[in-house]
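What follows is each chain in one-letter form.
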Amino acid sequence: MMIRAENLTKRYGNNKVLNGVNFNVEKGEIYGFLGHNGVGKTTTMNILAGIIGYNDGDITLNSLDMKNNRSNLKGMIGYLPEEPKFYPYMTSNEYLTFIGEVLGFNKNKIKVRNKELLELVKLEKSSNRKIGGYSRGMKQRLGIAVSMYNNPEILLLDEPSSALDPTGRKDVINIIKNLKNLGITVFLSTHILSDIERICDKVGILYNGKIILEEKLDMLKQRYLHSIYDIEFENNINQETIDEIKEDWIKDIEVKDNIMNLHVDENIDSRDIIALLSELNIPILSLNLRRSNLEDIFIKVVNENE
Amino acid sequence: MNSFTAYIKKEYMEGIRNFKFLIIALGIILFALLDPLMLKLLPHILENQAPGMDLSQLANYTQEGAIQNYMQNLFQISNLVIVLTLMGLLSEEIKNKTLIIPYSNKVNINGIVLAKYIVYAGAIFIIILIGFLINYYYSKLLFPEEIINIGRVLKSSSIFGVYFLFNLSLVLLMSSLFRKSIAAGILSLSIIYLSPAIGMIEKISKFSPYYLVNQANILSDNYDSFLNKSILLTFIYIFIFIGITIYRMNKIELD
Ligand SMILES: Nc1ncnc2c1ncn2[C@@H]1O[C@H](COP(=O)(O)OP(=O)(O)OP(=O)(O)O)[C@@H](O)[C@H]1O
Ligand SMILES: [Mg+2]
């Protein structure tokens, strides 16, 4: 187990932001941390990075207890804050050198590492420009480079792709995929659920101060993901028609006016649907297949806990 | 040690690129030139305004007088410039969250605080010395009648330097306590400007760093026997203030 949080509690005054949070991240895993705005994702990541303290609970990182090893752990962790802040009068090359010096690297190592990282995040061309003149996305890229400077075993990324253009997002996703091959453990929060679908092994959903769901992504997909057929009828649908449909492979039926959404098992294909529709024997206008995605799952799980 | 050297370089870069050294230098050196000139011109100006007045009562028109005037402005105006320039030394970093990345990279916090102190302590000490030297030679030029021994001026400059080192530790401490740098500035200035009032209470005046300003003003060899102890005491205050600052910065929540 690379990251373990047990019963983590954090209060700001009377505001209990985290109220017994539990999660487990295994070595080499990419963990997607989801939740609404203001639910406490950044707070959790600040705690994991050792930037702020917590009121109660236990954290172990790489089998080391957070309370007794706060400073040792910092060397093992790379952290990309939500909005990384640098010294604006430095160039990115100077900033990376500064971080290298803080970490105690020698001149040559710093030179090599700076070059590698600036290439990785595609900032070589602006490496001698002042960071103060960078766009939000460029700062984000630099932040990613900085977080990886020390070859950390654990990377905490707070919304790594939020400020990036589509190419930038793709780059970041590829970078993270490569990290996985290196056996680095990644804990990342994001609002962009399609990113999570593309790279995460496990997701955890934070809601009301607790993790309300934690599951491997493939298991989650098996459990929640299914096909949805959107069927448009010529006339509004009445209850009798709905009652007629009894097939046990249908998981859910939603109806609004003349549109029906049929949630069905994965292994059902259009032939079964057409057979069903012909039995109903009412005119239809269109039939569309859609796949539910993580967003649907997220909304569903949160609604169940409302 | 790594953090310390990294931050020495960083503060040096910041001091130059954000013109902090330049502003402090202006705030200290400008009066080194202005004060002797003003003193030289004052009688001529006043003569036209109020003919027949006895001007010798008004000021000490000698090199000594010029240097003492300079020290008065160092206390009143240079302090203001230094505090306003450096009040954000830590509070800006806390407010702007620029410490988050270094903190998450195992930075040595003691190294940060010491590096900041040492860079500006060095700068201020050197600038003060230059200020006194300029003041000395310029006032010598304007008032060649009674010339003071340069050794005394260098001594006063060092005493004043120690006094400014104390004020620097005060600003640094205040800057670690407030997220708003202006709050740190106002509090530091209040303490600095109110300390002459404490000096009026005979018994404790010697224990206040402001006592150094009084002693520097003497400009002769008649320093009080307590001066050395006072300098030592000021260094003790500085160590204590830096110690509290380091403690505070180790405890601080950065979000
Ligand atoms: N320093 C602080 N003082 C008081 N309350 C705070 C502080 N930092 C965060 N909070 C509160 O804690 C809660 C969680 O904030 P946090 O930034 O962790 O949310 P988040 O999940 O990262 O949100 P987002 O998706 O918008 O980034 C919010 O209600 C916020 O107001
Ligand atoms: Mg956040």
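This text goes with the structure placed above it.
Note that the coordinates shown come from a computational prediction; the quantities given were computed from them, not determined experimentally.

Notes on the overall build of chain B
Now for step 1: Within chain B one finds eleven helices and zero strands.
Now for step 2: For chain B, the N- to C-terminal ordering of α and β elements is α-α-α-α-α-α-α-α-α-α-α.
Now for step 3: Its C-alpha atoms give chain B a radius of gyration of 20 Å, within 12% of the compact-globule value 18 Å for 255 residues.
Now for step 4: Across its three principal directions, the C-alpha atoms of chain B cover 70 × 40 × 30 Å.

Examining the site of ligand 1
Now for step 1: Around ligand 1 lies a shell of 15 residues, among which Gly-38, Lys-41, Thr-42, Thr-43 and Glu-82 of chain A are the nearest.
Now for step 2: Near ligand 1, residues from chains A and B are present, making the site a shared one.
Now for step 3: Between ligand 1 and Gly-38 of chain A, the relevant distance is 2.7 Å, taken from an oxygen atom to a main-chain nitrogen or oxygen of the residue.
Now for step 4: Glu-159 of chain A has a polar side-chain atom sitting 3.5 Å from an oxygen atom of ligand 1.
Now for step 5: At the level of elements, strand S2 (15–25) and helix H1 (41–48) of chain A are the ones that each hand at least two residues to the shell around ligand 1.
Now for step 6: When residues of the shell around ligand 1 are assigned to their parent elements, the largest contribution, three residues, is made by H1 of chain A.
Now for step 7: Along the lines of polarity and charge, the residues of the shell around ligand 1 split into three nonpolar, eight polar and four charged.

Quick word on the interface of chain A and chain B
Interfaces are frequently sized by the accessible area removed from exposure as the parts join.
Now for step 1: Taken residue by residue, the interface counts 29 residues in chain A and 27 residues in chain B.
Now for step 2: Regarding the contact of chain A and chain B, the summed buried area is about 2500 Å², with carbon and sulfur atoms giving 60% of it.
Now for step 3: When the area that chain A buries against chain B is broken down by residue, the three leading residues are Ile-51, Tyr-89 and Val-102 of chain A, summing to 26%.
Now for step 4: At the surface where chain A touches chain B, the tally comes to three salt bridges.
Now for step 5: The salt bridge partner of Glu-94 of chain A is Arg-17 of chain B, with a shortest N-O separation of 2.8 Å.
Now for step 6: The interface formed by chain A and chain B contains nine residue pairs in polar contact (both at pLDDT 80 or more).
Now for step 7: A per-element tally of the side of chain A that touches chain B places helix H3 (residues 92–102) of chain A first, with six residues.

Quick look at the side chain of Lys-116 of chain B
Now for step 1: Within the element layout of this structure, Lys-116 of chain B appears in helix H6 (residues 109–142).
Now for step 2: Once residues lying within four places of it in the same chain are set aside, the contact partners of Lys-116 of chain B are Lys-10, Glu-11, Leu-89, Leu-90, Glu-93 and Leu-172 of chain B.

Rules behind the numbers
Residues numbered from 1 in each chain as written. Chains lettered and ligands numbered in written order. Predicted model: local features only at pLDDT ≥ 70, side-chain atom pairs only at ≥ 80, totals over all residues. Heavy atoms only, no water. Helix = DSSP H or I, 4+ residues; strand = E, 2+ residues; numbered from the N terminus. Rg over C-alpha atoms; globule rule 2.2 N^0.38 Å. Near = heavy atom within 4 Å. Polar contact = N/O pair within 3.5 Å; in protein donor to acceptor, adjacent residues only side chain to side chain. Nonpolar A, V, L, I, M, F, W, Y, C, P; charged D, E, K, R; others polar. Contact = heavy atoms within 4.5 Å. Buried area = accessible area lost by both parts, 1.4 Å probe. Salt bridge = Lys/Arg side-chain N within 4 Å of Asp/Glu carboxyl O.

This is a description of form; function is not addressed.
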